[in-house]
Amino acid sequence: MTSKPSDFIRDIIDADLASGKHTEVKTRFPPEPNGYLHIGHAKSICLNFGLAKQYGGQCNLRFDDTNPAKEDQEYVDSICADVRWLGFDYGSEALFASDYFETFYSIALKLIREGKAYVCSLNEEEIREYRGSLKEAGTASPHRSRTVDENLDLFARMRVGEFKDGAHVLRAKIDMGASNMKMRDPLLYRIRHQSHHRTGDTWCLYPMYDFAHPLEDALEGITHSICTLEFENNRPLYDWVVANSALPGKPEQTEFARLGLDYSVMSKRKLFQLVEQERVSGWDDPRMLTVSGMRRRGYRPEAIVRFCDLIGVSKNNSTVDMGKLEYVVRDDLNPIAPRVMAVLRPIKLVINNYEAGKSEALTVPFFPPDIGKPGEREVHFGRELYIESTDFEEEPSKGFRRMAPGRWIRLRYGYCVRCDEVIKNDDGEVVEVRCSYDDSTLGGTSPEGEKVWGIIHWVNAADSLPAEIRIYDRLFSAAAPDAGGNFLDYLNSDSLETLEAWVEPCLAGGDVGPQVQFERQGYFVPDSVDSRPDALVFNRIVGLKDSWSKKAVAEPSTPAEKPKSARSATRPKSRSKAEIRGAARYRDATLASRFIRYQDVGLSEGDADVLTGSLTWGDRLEALNAAGMPWDLAAKWLLNEHPREGDDPIEFASDVSEFLVVTTASGTLITTTSGSKLWGQLAREPGSAKALIKSQGLEQVSDDASIQPIIDKVIADNASKASAYRGGKDTLMGFFIGQVMRASKGKANAEKVKELLLAALA
RNA sequence: UCGGGGUUCGUCUAAGGGCAGGACAUCAGUUUUUGGUACUGAUUAUAGAGGUUCGAAUCCUCUACCCCGAACCA
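How each quantity is defined
- Residues numbered from 1 in each chain as written.
- Chains lettered and ligands numbered in written order.
- Predicted model: local features only at pLDDT ≥ 70, side-chain atom pairs only at ≥ 80, totals over all residues.
- Heavy atoms only, no water.
- Helix = DSSP H or I, 4+ residues; strand = E, 2+ residues; numbered from the N terminus.
- Rg over C-alpha atoms; globule rule 2.2 N^0.38 Å.
- Contact = heavy atoms within 4.5 Å.
- Areas by Shrake-Rupley, 256 points an atom, 1.4 Å probe, with all protein chains shown as cover.
- Pairing = 2+ DSSP bridges.
- Axes fitted to C-alpha atoms, helices over the stretch in contact; angles between N-to-C directions.
- Polar contact = N/O pair within 3.5 Å; in protein donor to acceptor, adjacent residues only side chain to side chain.
- Salt bridge = Lys/Arg side-chain N within 4 Å of Asp/Glu carboxyl O.
- Parallel < 35°, antiparallel > 145°, perpendicular 65-115°, else oblique.
- Nonpolar A, V, L, I, M, F, W, Y, C, P; charged D, E, K, R; others polar.
- Core = buried A, V, L, I, M, F, W, Y, C linked by side-chain atoms within 4.5 Å.
- Buried < 20%, exposed > 50% of the residue type's maximum accessible area, 1.4 Å probe, protein only.
- Phe/Tyr/Trp six-rings, centres within 6.5 Å; stacked < 30°, edge-to-face > 60°.
- Lys NZ or Arg CZ within 6 Å of the ring centre and 35° of its normal.
- Arc of directions from axis to C-beta.
- Expected span 1.5 Å × (residues − 1).
- Patch = residues over 30% accessible without salt bridge, like charges linked within 9 Å, V, L, I, M, F, W, Y side chains within 5 Å.
- Lys, Arg positive; Asp, Glu negative; His and termini not counted.
- Charge placed at Lys NZ, Arg CZ, Asp CG, Glu CD.
- Right-handed = clockwise from strand over helix to strand, strands pointing away.

A. How the structure looks around the overall build of chain A. Scanning chain A from N- to C-terminus turns up 26 helices and 27 strands. Relative to its length of 762 residues, chain A is extended, with a C-alpha radius of gyration of 36 Å against a globular reference of 27 Å. A principal-axis box enclosing the C-alpha atoms of chain A has dimensions of 110 × 90 × 45 Å. Across chain A, every contact between residues at least 6 apart in sequence was considered, and the portion connecting residues at least 24 apart equals 69%. Approximately 36,900 Å² of chain A is accessible, and the part contributed by carbon and sulfur atoms is 48%.

Right under this line is the structure:
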């Protein structure tokens, strides 16, 4: 685990640092204090703070507290505590957007003076109507043309509380026809006569996220503002605000995919519902994937951070396997959790030939040899013990390696015993097993001539402690509870099982743990709220990997069922590029006639189609042809190699005839690899093909005498790969050609190289 | 007048014209006084179709599917 994480965001930062765009990295984690942090936030925290740490920068914890209606100090406190618990340092104190309210206001004033913002007095519903729809442009608000003075006056009166909520809003004057609806004169300020958890009643005017957030970033000198995918549409607006704020900071927003985990819900709204409807005991219910819930469950921050490293960062909409979280939790706990014994579902085991009242003290280690850690405690062996009811089967199933009538098994760290008799209750359930022991088996020797079927854990009936054990399972029974319908319908009714168990006495003092492993069961931690020295309560953090019960139950693995999208069906279908080109030809006779003509001169319908979506393509094509390039060749190079600006090929920077050298000479003067490179250069900046070939040494090398030595060297340098190739791994040919091409700086004739390589590796 | 993102083993994620790699999961084996751990091995992927190229997951075209956007939420 020495490899540094790498992802597209780090690539962007590396490039920014390399280009000198930035000399330092400053990020921020900007929660709204309206709920508790969950594991999805942890991903963002690890990313933002991790970036700051990796690049020697800084990461601010900043509360985006622009909506007093939902926010509360309770959340501020819990968020601060959670971030610190996760192990991240946000400096001396957290920052608050509300501290910048006065600055925001003055920037709004500036926008008004510059005619870039106006007070709109439409009501909420009217604003929505005027905004238009996904397929139709919006229409201008009747107040869009208010004078600067009028706006200034109204805005000032909005601030002093002259108007009721909703009477007026401040809007940016951008573009009501923008296809990105976020740019259709977005709201900047709304009136809210509501006290704010920090500013009290100082304001009745509150900024919107889209206005406040970029300003917060700019004010703090954030270089890389990282947020989740759903804000992609907001980015142009973010840039607009930064550009028009005249603030020196120039933050840039980059979006990544939020975390999705199967068998869980992640939205704050839904978590809030679970808490409010008391489906769980609170935000810190150990079944909740909130940071506080995971903490109470017994997860350590190291495991959560490790999980975030493991899942990576990308723009893919993804759902991570819950098993991955469980894996990191186990992996984190395995080397640090002392082993003790606890019997969760007890039945009594009585050893008939063991002296009543006798007790033997056994000193046993806290860790198995492979962990290699010191530490030991005493357990007492006696005539009456408890064992796990699941460790006994009267009629053992196939593969069962535990206790059954007549079988010898070892009691961990103790003696081997043989089950002689079974005692059942009225319901026919086994409540007690009677055994005999072999007093020569304590150190590890087996009873003379007998097979020992397995090792099971136990506790001494005389001095073990009662404890309540809470076994947690995933909160939802469906892989994608929020796929459709009400997610509450998919709550797992068995997500909490409470057991009355017996545990080793050493657990009472609190000297071990807090996280411990109950051998053969899982990892457990005393519940931080309910456990007391005289009334122990343990939470199961996570079970041990169990390859037996899985086999025994043969549970059909339930794959995460693909949620059927209801949303996409309601979205209007937009035209494809092909349809748009067709429409363009329908409107423009030149395009239409070109489409026919290009096919007449031998181009495929598909190529002709693309080349006649706009005049630009055809213009370039005609120019190449006029300079002497055959139609098909011109189309091929134009379509495949010519640099573009959006959907259209860029203007030729060089004389068109220069391109002839690239194409017609292909195969003789230069290789296609060099040709592609050269084409791009000529297209972008003026130049002479012949001069460039000369200056860059692009002349093709195709004589055996020049190539053979390179091939020999490459084969000699990669002897093991050569033999692998000869052994049948022929995908390696690409590797060899690549090596030779690289060694020749792309100048070798690839066909020739292949031919010679084939011969050399035969 | 719709726009913006996305699609690589079952899952997550690398490779950005040249060996499709890693992790989790699964299966098999070795070690083990935990059916744990550790170790070894195995299985499995470039959404589909066409094109460019000696060579395409990667470049071009088309198609399909998924996600996001019409809060005075963030």
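B. Structural context of the sheet that holds strand β10 (residues 339-340). The sheet built from seven strands is open, its strands ordered β10-β23-β24-β25-β21-β22-β11 with mixed pairing. Both outer strands of the open sheet, β10 and β11 (342-343), are each paired with one neighbouring strand and no more. Of the pairings in the sheet, the one linking β10 to strand β23 (residues 516-518) comprises two bridges and is parallel in character. Residue pairing across strands places Arg339 opposite Gln517, the latter belonging to β23. Strands β24 (522-526) and β25 (536-543) of the sheet are contacted by helix α12 (residues 322-333), whose axis makes an angle of about 115° with β25.

C. A look at the side chain of Thr612. The residue Thr612 is located in the loop between α17 (605-611) and α18 (615-626) in this model. Of the polar contacts made by the side chain of Thr612, one reaches the side chain of Arg585; its length is 2.9 Å. Not counting the four nearest positions on each side in its chain, Thr612 is found in contact with Arg581, Arg585, Leu591, Arg594, Phe595 and Tyr598.

D. Representation of the pattern of salt bridges in the model. Following the criterion strictly, the structure yields 52 salt bridges and no others. What you see here is one network of salt bridges that share partners, running through Asp284, Arg296, Glu468, Arg470, Asp527 and Asp530.

E. The packing of helix α19 (residues 631-641) against helix α21 (residues 672-684), seen in detail. Orientation of α19 relative to α21, taken along the N-to-C sense of each, is 75°, at an axis distance of 11 Å. In this view, α19 runs roughly perpendicular relative to α21, as classed from their interaxial angle. Where α19 approaches α21, its residues Trp637, Leu638 and Glu641 are matched on the opposing element by Gly675, Ser676 and Trp679. Split by residue class, the contact of α19 with α21 holds three nonpolar, two polar and one charged.

F. The arrangement of the environment of Arg235 in detail. When you line up the elements, Arg235 lands in helix α8 (residues 235-245). Apart from the residues within four sequence positions on either side, Arg235 is in contact with Gln253 and Glu255.

G. Region of the structure containing the nonpolar core. Residues Ile39, Leu61, Val83, Leu261, Leu325 and Val329 are the most contacted members of the largest nonpolar core, which totals 44 residues. Counting residues per element, the ones that place at least two in this core are α2 (39-54), β2 (58-63), α3 (73-85), α10 (291-297), α11 (301-311), α12, β24 and β25. With six residues, α2 is the largest single contributor of residues to this core. Discounting residues that sit within four places of it in the chain, Leu261 has contacts with Ile39, Met266, Leu289, Phe307, Thr319, Val320, Asp321, Met322 and Leu325.

H. Representation of the sheet that holds strand β3 (residues 95-96) in the model. The parallel open sheet is built from three strands, whose spatial order is β1-β2-β3. Strand pairing shows two members of the sheet lacking a second neighbour, β1 (26-29) and β3, which therefore form its edges. Against the sheet, helix α7 (residues 209-220) makes contact with β1, β2 and β3, and its axis sits at roughly 140° relative to β2, the strand it touches most.

I. Structural context of the side chain of Ser264. Topologically, Ser264 is positioned in the loop between β9 (252-256) and α9 (268-276). When its relative accessible area of 8% is taken as the criterion, Ser264 is described as buried. Looking at Ser264, its side chain comes within polar contact range of the main-chain oxygen of Leu261, at 2.8 Å. Once residues lying within four places of it in the same chain are set aside, the contact partners of Ser264 are Leu289, Met322, Phe476 and Pro481.

J. The arrangement of the packing of aromatic side chains in detail. Applying the stated criterion across every chain, the model contains 30 aromatic pairs. Ring centres of Tyr105 and Trp203 lie 5.9 Å apart, and the angle between their planes is 55°; this geometry places the pair in the tilted category. Residue Tyr105 is found in helix α4 (residues 101-113), and its partner Trp203 is found in the loop between β6 (187-191) and β7 (205-207); the two are separated by 98 residues along the sequence. The exposure class of Tyr105 is buried, given its relative accessible area of 8%. Assessed through its relative accessible area of 7%, Trp203 is described here as buried. Clustering of aromatic rings is evident, with ring pairs tying together Tyr100, Phe101, Phe104, Tyr105, Phe155, Tyr189, Trp203, Tyr206 and Phe211. For the cation-ring pair, Arg84 lies above Tyr90, with the distance from its terminal atom to the ring centre recorded as 4.2 Å. Seen from the ring of Trp85, Arg295 lies directly overhead, with NZ or CZ sitting 5.2 Å from the centre.

K. A look at α11. Those residues of α11 lying buried are Pro301, Ala303, Ile304, Phe307 and Cys308. Viewed along the axis of α11, the buried residues span an arc of 165°, placing them on a single side of the element. Where α11 is buried, its residues meet α2, α3, α10 and α12. Just downstream of α11, Gly312 is the residue with a positive phi angle, here 75°.

L. Geometry of the environment of Lys270. By the element assignment, Lys270 lies in helix α9. Lys270 gets classed as buried once you look at its relative accessible area, which sits at 15%. A sequence separation of 212 residues divides Lys270 from Asp482, and the C-alpha atoms of the two residues are 9.3 Å apart. Ignoring anything within four residues of it in the chain, the contact list for Lys270 reads Val265, Asp482 and Phe487.

M. Quick look at helix α16 (residues 589-600). Spanning twelve residues, α16 covers 17 Å between terminal C-alpha atoms, matching the ideal 16 Å at 1.5 Å per step. Among the residues of α16, Leu591, Arg594, Phe595 and Tyr598 are the ones counted as buried. End-on view of α16: buried residues confined to an arc of 105°, all on one side of the axis. The exposed set on the far side of α16, more than 90 degrees from its buried face, consists of Ala589 and Asp600. Where α16 is buried, its residues touch α15 (577-587), α17, α18 and α19. Residue Asp588 occupies the N-cap position of α16, its side-chain oxygen lying 2.8 Å from the main-chain nitrogen of Thr590. A positive phi of about 115° marks Gly602, the residue just after α16.

N. Inspection of the environment of Gln58 at higher detail. Tracing the chain through its elements places Gln58 in strand β2. Look at Gln58 and you get partly exposed, because its relative accessible area is 43%. For the pair formed by Gln58 and Leu362, sequence separation is 304 residues and the distance between their alpha carbons is 53 Å. Setting aside chain neighbours within four positions, we find Gln58 in contact with Val25, Lys26, Thr27 and Ala52. Of the polar contacts made by the side chain of Gln58, one reaches the side chain of Asn60; its length is 2.8 Å.

O. Summary view of a negative patch on the surface. Taken together, the side chains of Glu124, Glu125, Glu126 and Glu129 present a region of like negative charge at the surface. Mapped onto the fold, Glu124 is located in helix α5 (residues 124-130). According to the relative accessible area criterion, Glu124 is exposed, its value standing at 64%.

P. Spotlight on the pairing of strand β8 (residues 224-228). The element β8 is extensively covered by neighbouring structure, given that five of its five residues are classed as buried. The alternating pattern of β8 places His224, Ile226 and Thr228 on one face and Ser225 and Cys227 on the opposite face, and all of these are buried. With five bridges connecting them, β8 and β9 associate as parallel partners. Along β9, the bridge assignment pairs Cys227 with Glu255. Between β8 and its parallel partner β9, the chain crosses via α8, and the hand of that crossover is right-handed.

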